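Structural features, examined
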Amino acid sequence: TECVSGCVCPEGLFDDGRGGCVEQKDCPCIHNNEWYSSGDKIKVDCNTCTCQKGVWKCTDDVCYGTCMIYGSGHYNTFDGKFYDFDGSCEYVATQDFCGDKNSSGSFSIITENVPCGTTGVTCSKAIKMFLGVSDGKLKLENKEYKEIQRDVGDDVQYWNRTVGLYLVIEASNGVMLIWDKKTTVFIKLSPDYKGKVCGLCGNFDDKANNDFTTRSGLQDNNPLNFGNSWKQSPMCPDVTQEIKPCDLKPHRKSWAEKECSIIQSEVFKICHSKVDPLPYYEACVHDACSCDSGGDCECFCSAVAAYAQECIKAEACVFWRTPDIC
């Protein structure tokens, strides 16, 4: 038989997408535009996936959800929706008093946002945590936490401990709060709360497209309408426009872009395919422009740390802090 030129693999072998021919058992898998060989394992949230014959086989443990609030008004919901909201008031970050079953909740977390800098952007200054029916109440502010009220015979127990830079408060009802004692807070919820929470952190139902559900239960596409609906006091003004600090402080823009470029640089290269750096870079530039009343390094460092934290969650550890940087 005559040979015919062409790009095909011999019978029984398969094109591996990288210019080679392999047996079926050695077919690679793809994740976030990266190729993995057969037998490779990756972490996706709290599950482990193994590449088998070109297909990912994953464990199906139910994972804790994490919502992150950081810097000047950046939110990343339990379902991974990233948005900005600069309101100056107290807002419901997350609670399980939702919908018609309003009365039967076990916790509520409120973020108190105040202006930081002169451009009008806001940061989370204090966090209040209400636990249980009898309202055990904690407040995190000025680098420390205090019990405002702790009733006897509490139905929800809680513990606090310090881990590195963070203060961790863990409650027996599956709610955990991790605070950097500045403007970053992570709220972790056990899987039992899936689809049962509401507030600025979304509804934790694994769908990001319905996270902007207002207090009245309607879906909105506009982060401002959504955010305004979760304010605690009707006396606070509504946010009517998105603040663009780099337009207001153009002289800070080139410094901000230069500093924040670390997020898109080689330093974080191993993370880029796992966590999209662009929203974190833009948030960093936004914060570096807006922090104009002292503490500009702290704003920049918090913004980079937020991306580094997401990288760690995606199993990409990056050592980015140096004596010169943060």
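Keep in mind it's a predicted model, so treat the numbers as computed, not measured.

Thoughts on the nonpolar core
One finds Ile109, Leu177, Ile187 and Leu189 to be the most contacted residues of the largest nonpolar core, which totals 42 residues. Setting aside chain neighbours within four positions, we find Leu177 in contact with Ile109, Ile127, Met129, Leu140, Leu167, Val168, Ile169, Val185, Phe186 and Ile187. Core analysis: the next-biggest nonpolar cluster, separate from the first, contains 35 residues, Ile263, Val304, Ala305 and Tyr307 among them.

Concerning the packing of helix 3 (residues 250-260) against helix 5 (residues 278-290)
Direction vectors running N to C along helix 3 and helix 5 enclose 140 degrees, while the axes themselves pass 8 Å from each other. Between helix 3 and helix 5, the crossing angle belongs to the class labelled oblique. Seen from above, helix 3 lies across helix 5 with right-handed handedness. Where helix 3 approaches helix 5, its residues Arg252, Lys253, Trp255, Ala256, Glu257 and Cys260 are matched on the opposing element by Tyr281, Cys284, Val285, Ala288 and Cys289. Looking at side-chain class alone, the contact of helix 3 with helix 5 contains 8 nonpolar, no polar and 3 charged residues.

Points about helix 3
Structurally, the α-helix is built with 3.6 residues per turn, so residues lying three or four positions apart point the same way. Within helix 3, the full set of buried residues consists of Arg252, Ala256 and Cys260. Down the axis of helix 3, the buried side of the element spans an arc of 55 degrees, and every buried residue falls inside it. Exposed residues on helix 3 whose side chains face more than 90 degrees from its buried face are Pro250, His251, Ser254 and Lys258.

Structural notes on the environment of Cys67
Turning to its location among the elements, Cys67 is positioned in strand 8 (residues 65-70). The spatial distance from the C-alpha of Cys67 to the C-alpha of Leu189 is 8.6 Å, given a sequence separation of 122 residues. Leaving out residues up to four positions away in the same chain, Cys67 has contacts with Asn76, Thr77, Phe78, Val185, Phe186, Ile187 and Cys201.

What about the pattern of salt bridges?
In the structure shown here, the tally under the stated rule is 13 salt bridges. Here Lys139 and Glu112 are joined by a salt bridge, their closest N and O atoms 3.8 Å apart. Taken together, the residues Lys139 in strand 14 (residues 136-141) and Glu112 in strand 12 (residues 107-115) connect sequence positions 27 residues apart. A relative accessible area of 17% means that Glu112 is categorised as buried. The partner of Glu310 in a salt bridge is Lys313, with the nearest N and O atoms 3.5 Å apart. Of the two residues, Glu310 and Lys313 are both situated in helix 6 (residues 296-313); the distance of 3 residues between them amounts to about one turn of the helix. When its relative accessible area of 11% is taken as the criterion, Glu310 is described as buried. A residue is classified by how much of its surface remains accessible, and Lys313, at 37% relative accessible area, is partly exposed.

Quick word on the sheet that holds strand 16 (residues 158-163)
On the basis of which strands lie adjacent, the open sheet formed by 7 strands has the order 10-9-8-19-18-17-16 and antiparallel pairing. Sheet topology places strand 10 (82-84) and strand 16 at the edges, where each strand pairs with a single neighbour. When strand polarity is set aside, the average angle formed by the axes of neighbouring strands in this sheet is 15 degrees. Two strands pair when backbone bridges link them, and strand 18 (residues 175-179) and strand 19 (residues 185-189) are joined in this way by 5 bridges, in the antiparallel orientation.

As for the domain arrangement of the protein chain
The domain architecture assigned to the protein chain consists of domain 1 (13-58), domain 2 (65-229) and domain 3 (245-314). If you average the C-alpha positions of domain 1 and of domain 2, the two centres end up 38 Å apart.

Thoughts on the environment of Ile42
With respect to the helices, strands and loops of the structure, Ile42 is situated in strand 5 (residues 41-44). Exposure remark for Ile42: the relative accessible area of 10% places this residue in the buried category.

Some words on the environment of Leu278
With respect to the helices, strands and loops of the structure, Leu278 is situated in helix 5. As for Leu278 and Cys326, which are separated by 48 residues in sequence, their C-alpha atoms are 21 Å apart.

Side note on the state of the cysteines
By the definition in use, this model includes 13 disulfides. One disulfide in the model links Cys9 with Cys21; its S-S distance is 2.2 Å. Of note, the bridge from Cys9 to Cys21 carries an S-S torsion of about -85 degrees and is left-handed in sense. Of this pair, Cys9 sits in the segment before strand 1 (14-15) while Cys21 sits in strand 2 (residues 21-22); the two residues are 12 residues apart in sequence, bridging distant segments of the chain. According to the relative accessible area criterion, Cys9 is partly exposed, its value standing at 21%. Note on Cys21: relative accessible area 37%, which makes it partly exposed. One disulfide in the model links Cys301 with Cys326; its S-S distance is 1.9 Å. Looking along the S-S bond of the Cys301-Cys326 disulfide, the torsion reads about -95 degrees, which is the left-handed sense.

The rules behind each value
- Residues numbered from 1 in each chain as written.
- Predicted model: local features only at pLDDT ≥ 70, side-chain atom pairs only at ≥ 80, totals over all residues.
- Heavy atoms only, no water.
- Core = buried A, V, L, I, M, F, W, Y, C linked by side-chain atoms within 4.5 Å.
- Buried < 20%, exposed > 50% of the residue type's maximum accessible area, 1.4 Å probe, protein only.
- Contact = heavy atoms within 4.5 Å.
- Axes fitted to C-alpha atoms, helices over the stretch in contact; angles between N-to-C directions.
- Helix = DSSP H or I, 4+ residues; strand = E, 2+ residues; numbered from the N terminus.
- Parallel < 35°, antiparallel > 145°, perpendicular 65-115°, else oblique.
- Left-handed = near helix turned anticlockwise from the far one by under 90°.
- Nonpolar A, V, L, I, M, F, W, Y, C, P; charged D, E, K, R; others polar.
- Arc of directions from axis to C-beta.
- Salt bridge = Lys/Arg side-chain N within 4 Å of Asp/Glu carboxyl O.
- Pairing = 2+ DSSP bridges.
- Domains from an automatic or database assignment.
- Disulfide = S-S within 2.5 Å.

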